[in-house]
Amino acid sequence: MTATASRSGTERAPLPLDVEAVRADFPILGRTVRDGKRLVYLDSGATSQKPRQVLDAERWFYENVNAAPHRGAHALAEEATEAYEAARATIASFIGGQPDEVVFTRNTTEAINLVAYSFSNAATAKEPEFRRYAVGQGDEVVVTEMEHHANLVPWQQLCERTGATLRWLGLTDDGRLDLSDLDTVINERTKFVTVTQQSNILGTMPPLAPIIARAHEVGALVMVDGAQSVPHQPVDVAALGADFLVFSGHKMLGPTGVGVLWGRAEVLDAMPPFLTGGSMIEVVRMEGSTFAPPPQRFEAGVPMTAQVIGLAAAADYLTALGMDKVQAHEEALTEYALAQLQAIPGVRVIGPVDTVARGGAISFTVEGIHPHDVGQVLDDQGVAVRVGHHCAWPVVRRYGVPATTRATFYVHTGYDDVDALVEGVRHAQRFFGVDTPQEVPQ
Amino acid sequence: MKLQDMYQEIILDHYRNPHGRGLREPFDAEVHHVNPTCGDEVTLRVKVDGDTLTDVSYEGMGCSISQASVSAMYDLVIGKSVQDALATGDDFMKLMQAKGDQSVADELEDTLEDAVAFAGVSKYPARIKCALMSWMALKDASARAWGGPAA
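Note that the structure is predicted; figures quoted are calculated from it, not measured.

Undergrad: Describe in detail the overall build of chain A, supporting the description with residues and values.
TA: For chain A, the helix and strand inventory stands at 14 helices and 17 strands. Against the compact-globule benchmark of 22 Å for 442 residues, chain A has a radius of gyration of 23 Å, which places it among compact chains. Principal-axis analysis of the C-alpha atoms gives chain A an extent of 75 × 55 × 35 Å. Taking the intrachain contacts of chain A between residues at least 6 apart in sequence as the baseline, contacts between residues at least 24 apart amount to 71%.

Listed below in C-alpha cells is the structure:
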C-alpha cells in the first residue's frame, strides 16, 4: 500500500486497468443523466454497476436451466443444482475457502444477522452440540465505532436478547481504529469480536491481525465484515485467520439479493440454524426435526439461484481483471482524488488523508455547504455520489459533522471521473457563493 | 431541468438568514424530528394561546432545503389558528407531491407565499423529505400542545 504513497498526487500514475475496455462491458455507463450529462458513477460503495457478463449469466440461467436446485430429479433440476453448486465453488475459490464453508444469504446484513441469531438460538437449543457458542449474561461482544449499522445493530440486539454486554474499540482523530485499549476491550469475557476490513465511510482498513490474534488468545470467535473489502482487494480467508467473513454480491459487480457468509467448517458445524424450513432439514416428524449439515443448514427455502449464478460470473470477471490490479487501480485513483480534493480550500476529508492502509471510499465536507447540497450540485453535473451518514451514524457523530459527501471508485473509474468530481465540488462552491471560504461565517 | 429550479433565490435567502430561529420560552410542546436517511434534525417548540399559534421556535441542522423550509414555515404559521396552520401544511404536502406541476404551484401561491418556491423540490423525490420534515414536526408538536400527546 505504501509504494505509491510518497508521490505528490497531482501527477497521474498509469492506471493498472484499461478503463475504456472495462467501461464497454457496463451497459449502464452508456446512458446519460440530467439533460444529457455523461454518467460519472462514484457510488459503487452503495451498490456496484453490473457488467454484461453478469447480466448474461443470469439470463442464461433463466433461459436454459431454471429449476429449483436440490429438489426433484428431472433434467433441469439436476442442471440447476449443478450450476448452483459450481457457483458456490467459484465463490469459495475467490476467497480461498472450501465450498461447504460458503453459505448464500440475501446480503451482508442477512449474513451478519444469521450469525447473531444463531448465537442467541444456541442458548435454547435442545441439541447439546448446538450450545457451544451460546452467548449470555457475563459474556461480552466486541465491535468497533467505525462499523456500518449492519455490523452494529444486530450485535446490540443480540446483547439485548441475551443479557451479554456490548463493548467497542474507538476511533482516533485521524480516522484510524484506536487499538490502545485492545487488551482490555477484548478480554477473557469476550465471546465474539466483529470488525470491518474496510470502513464504508472512512475508507480505513483497520489492522486485523492483532485484533484476530487477541480474540483467539481469549478464545473468542472473530467475524470480518468484507462488504467493502472483498469487492476491492484480494481477500484470502486462510491468510486472514478469522472465523467468519461476510460480503454482498451487489457491491462486487454481482446481482442484488445475494450475499455470502463464509465460516470455518468446524464453527458452522456447531451452530444452530437461523431461518428454518425446506431444504435445511435432515429428518422432519410432527414431533420435531433434525437439520442438515452446513451449508444447507443455513439455506432454508428455494435459494436465489440466478443471482448466485450471476455472482459467480462477477467473481470470474474480477478474477480475470486480477484483484491485485483492481486494488492498485483504486489506490492510484484514491491518491489522486485525495490530493485534488484537499487542494480545494474549504474541503475537509473525513478519514485517513493518505493511501496507507486505506481503501477508495473518500468522505468529505465542504465548508459552508451541507453535504446534501454538495451531492445535489454534483448530481446536476451527472456525478453520482452518496450523501448522508452512510449507515455509520456513530462515525459522523465522532467527527462532529452532520453528514458527509462520499465518492467511491471501482474498476470502471478513471481520472476523468475524479476530475468531474473535483470540478463539481468547485462548481458547488461557486453556486452557493462560498468559493472564498474565509468569508463564510463560522 | 435546472438546478436553479430547486435552489430558488428565495430558498437560499431563507437558508442564509433563517426567520425565527432559536428555541424560545414559553412553549407548550417540544418535539425532535430526524430524517433517518440523511441525519437532518430539527427540534421544534410551539406556543398556543386558545387555538392560535403564537410562537414556533426551532433549532436544527440539515441541508439548505430542510433549513429554508422551517424558516418559510415560521413566516406562514405564526398568528394562525392551529387548524389553519395544519391546513397550510396539507397544501405544502400537495405542492411536494406535484412532481413539478406548475399548475399546482400557481393554485397554491396565495396560501403558501414564499413556500411556493419549494415547488422545484417536488421534482427531486430524494429531497421531498427534507422539505417536509419541519411541517411534520409542526403537526406533531401542535397535536401535543393542543390535544395532549399525538394520536
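That covers the picture; the talk isn't over yet.
Undergrad: Account for the interface of chain A and chain B, naming residues and giving values.
TA: Each partner contributes residues to the interface: chain A has 15 residues there, and chain B has 10 residues. The set of elements that each furnish at least two residues to the side of chain A that touches chain B consists of helix H12 (371-380), strand E16 (386-388) and helix H13 (393-398) of chain A. Partitioned by chemical class, the residues of the side of chain A that touches chain B number 7 nonpolar, 4 polar and 4 charged.

Undergrad: Which residues make up the sheet that holds strand E13 (residues 347-350) of chain A, and what are the values?
TA: All names here are of chain A. Ordered in space as E13-E14-E17-E16, the 4 strands form an open sheet in which the pairing is antiparallel. With partners counted over all chains shown, the strands left at the sheet margins are E13 and E16, one partner each. Averaged over neighbouring strand pairs, the angle between their axes works out to 30° when direction is ignored. As paired elements, strand E14 (residues 362-366) and strand E17 (residues 404-407) share 3 bridges and run antiparallel to each other. Its bridge partner being in E17, Ile 362 is matched across the sheet by Ala 407. Against the sheet, H12 touches E14, E16 and E17, its axis set at about 40° to E17.

Undergrad: Any chance you could break down the domain arrangement of chain A for me, citing the residues and the numbers?
TA: All names here are of chain A. Structurally, chain A comprises domain 1 (19-50 + 322-430) and domain 2 (54-319). Computed over C-alpha atoms, the centres of domain 1 and domain 2 are 28 Å apart. Among the secondary structure elements, those contributing two or more residues to the side of domain 1 that touches domain 2 are helix H11 (323-342), E14, H13 and E17. When residues in the side of domain 1 that touches domain 2 are grouped by element, the largest group, 5 residues, is from H11. Here the residues of the side of domain 1 that touches domain 2 sort into 11 nonpolar, 10 polar and 6 charged.

Undergrad: An account of the sheet that holds strand E2 (residues 40-49) of chain B is needed here, citing residue identities and associated values.
TA: Residue and element names in this part refer to chain B. With respect to topology, 3 strands assemble into an open sheet ordered E1-E2-E3, the strand pairing being antiparallel. On the outer flanks of this sheet lie strand E1 (29-35) and strand E3 (52-61), each paired with one strand and no other. The average undirected angle you get between the axes of adjacent strands in this sheet is 20°. As defined by bridge partners, E1 adjoins E2 across 7 bridges and the pair is classed as antiparallel. Looking at E2, one finds that Val 31 is bridged to Leu 44.

Undergrad: Pulling in residues and values, what's your account of unusual backbone geometry?
TA: Note: most residues except glycine have negative phi, and most peptide bonds are trans. Of the consecutive residues Pro294(A) and Pro295(A), the connecting peptide bond is found in the cis state with omega at 0°. Inspection of the secondary structure assignment puts Pro295(A) in the loop between strand E12 (288-291) and helix H10 (305-321). Glu25(B) connects to Pro26(B) through a cis peptide bond whose omega is -10°. Examined against the element boundaries, Pro26(B) turns out to sit in the loop between helix H2 (9-16) and E1. Here the phi dihedral of Glu113(B) falls at roughly 50°; this positive angle occurs in a residue that is not glycine. Here Glu113(B) lies in the loop between helix H5 (102-112) and helix H6 (125-147). C-beta crowding within 10 Å serves as the criterion here: with 14 such atoms nearby, Glu113(B) is assigned to the partly exposed category.

Undergrad: Quick one: what's the story with the packing of helix H2 (residues 52-64) of chain A against H10(A), residue by residue and with numbers?
TA: Residues and elements named next belong to chain A. Two elements in contact, H2 and H10, have axes whose closest approach is 8 Å; the angle formed by their N-to-C orientations is 145°. Two packed elements cross with a definite hand, and for H2 against H10 that hand is right-handed. Along the contact surface, H2 presents Gln 53, Val 54, Ala 57, Glu 58, Phe 61 and Tyr 62, while H10 presents Thr 305, Ala 306, Ile 309, Gly 310, Ala 313, Ala 314 and Tyr 317. Of the residues assigned to the contact of H2 with H10, the class counts are 9 nonpolar, 3 polar and 1 charged.

Undergrad: Report on the nonpolar core, specifying residues and quantitative values.
TA: Ranked by size, the top nonpolar core spans 124 residues in total, and within it Leu245(A), Val246(A) and Leu261(A) carry the most contacts. Counting residues per element, this core draws most heavily on H10(A), which supplies 11 residues. When residues of this core are assigned to domains, at least three fall in each of domain 1 (19-50 + 322-430) and domain 2 (54-319) of chain A. With near-sequence residues (within four places) excluded, Leu261(A) lies in contact with Val103(A), Thr105(A), Ala111(A), Leu114(A), Val115(A), Phe244(A), Val246(A) and Phe298(A). Formed by 42 residues, the second largest nonpolar core is a distinct cluster that contains Leu44(B), Tyr58(B), Val70(B) and Met73(B).

What counts, and at which threshold
Residues numbered from 1 in each chain as written. Chains lettered and ligands numbered in written order. Predicted model: local features only at pLDDT ≥ 70, side-chain atom pairs only at ≥ 80, totals over all residues. Helix = DSSP H or I, 4+ residues; strand = E, 2+ residues; numbered from the N terminus. Rg over C-alpha atoms; globule rule 2.2 N^0.38 Å. Contact = placed C-beta atoms within 7 Å. Nonpolar A, V, L, I, M, F, W, Y, C, P; charged D, E, K, R; others polar. Pairing = 2+ DSSP bridges. Axes fitted to C-alpha atoms, helices over the stretch in contact; angles between N-to-C directions. Domains from an automatic or database assignment. Buried ≥ 20, exposed ≤ 12 C-beta atoms within 10 Å, placed from the backbone. Left-handed = near helix turned anticlockwise from the far one by under 90°. Core = buried A, V, L, I, M, F, W, Y, C linked by C-beta atoms within 7 Å.

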